[in-house]
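As a plain string of letters, each chain reads:
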Amino acid sequence: MELKEAKDKFIHTWGTLATQWGINRTMAQIHSLLLLTPKSMNADEIMAELQISRGNVNMNLRDLMDWGLIHKQLLPGERKEYFIAEKDVWKVAKQIAKERRRREIGPLIEAMADLKDGLKPDTAEKEEFLKIVNDISTVTVFADNTLNSLLKADENWLISSFVKVFNR
């Protein structure tokens, strides 16, 4: 397999997998291209490489910067904006987890708390509803606390913990 073919396969795979994480495919393809490319790229280069429109590139570059996965890089003598991805895969994984926590888990915890606070269990139907809401809240808070612990954990601690679990 040639490098170009391997890169194309990686970009396609990353894009397909990302849709299962709630990230749009084009955003993931741009991220994977920048992740694999040793030097920064401008929007024109990204458009040419992935065969996508300028608007799509610009929108997804903004989203990737909002997620903290890429950064602008200023090049001396260049007027165009260049972009480079974070290359430390552990930092990338932690940043994706942090963003998903902020966008998904946090709002769910808030919604469940509002439901619990706003509904009085004065009928059997309301009690059953609140039981489900409380169960979802318990699981979500547990997931949030677990994710928070993992995000604060040192990379070496995380690896050694996984090794211990699988060596039992």
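Residue indices begin from 1 for each chain and proceed along its sequence in written order. With pLDDT at 70 or above as the cut-off, local features in this predicted model cover only qualifying residues; side-chain atom pairs require 80 or more to be listed or tallied, and sums for whole chains, interfaces and linings still use all residues. In computing side-chain values, all of the structure's heavy atoms are included and hydrogens and water are not.

### Focus on the environment of Gly15
Consideration 1: The numbering of helices and of strands both runs from the N terminus, where a helix is a DSSP run of H or I of at least 4 residues and a strand a run of E of at least 2. When you line up the elements, Gly15 lands in helix H1 (residues 3-21).
Consideration 2: A 1.4 Å probe rolled over the protein chains alone gives each residue an accessible area, and that area as a share of the maximum for its type sets the label: buried under 20%, exposed over 50%, partly exposed in between. Of the residues examined, Gly15 reaches a relative accessible area of 0% and is grouped as buried.
Consideration 3: Distance in space between the C-alpha atoms of Gly15 and Leu130 is 39 Å, their sequence separation being 115 residues.

### Section: helix H4 (residues 54-67)
Consideration 1: Expected helix span is given by 1.5 Å per residue-to-residue step, counting one fewer step than there are residues. Along its 14 residues, H4 runs 20 Å from first to last C-alpha, staying within 8% of the 20 Å computed at 1.5 Å per residue.
Consideration 2: Considered for burial, the residues of H4 that qualify are Val57, Asn60, Leu61, Leu64 and Trp67. All buried residues of H4 project into a common sector of 120° when viewed along the axis, lining one side.
Consideration 3: Residue contacts are counted whenever heavy atoms from the two residues lie within 4.5 Å of one another. Summarising the contacts, the buried residues of H4 are in contact with helix H2 (25-36), helix H3 (43-50), strand S2 (70-73), strand S3 (82-85) and helix H5 (89-118).
Consideration 4: Positive phi appears at Gly68, one or two residues downstream of H4, with a value of about 80°. Note: the arc covers the axis-to-C-beta directions of the helix.

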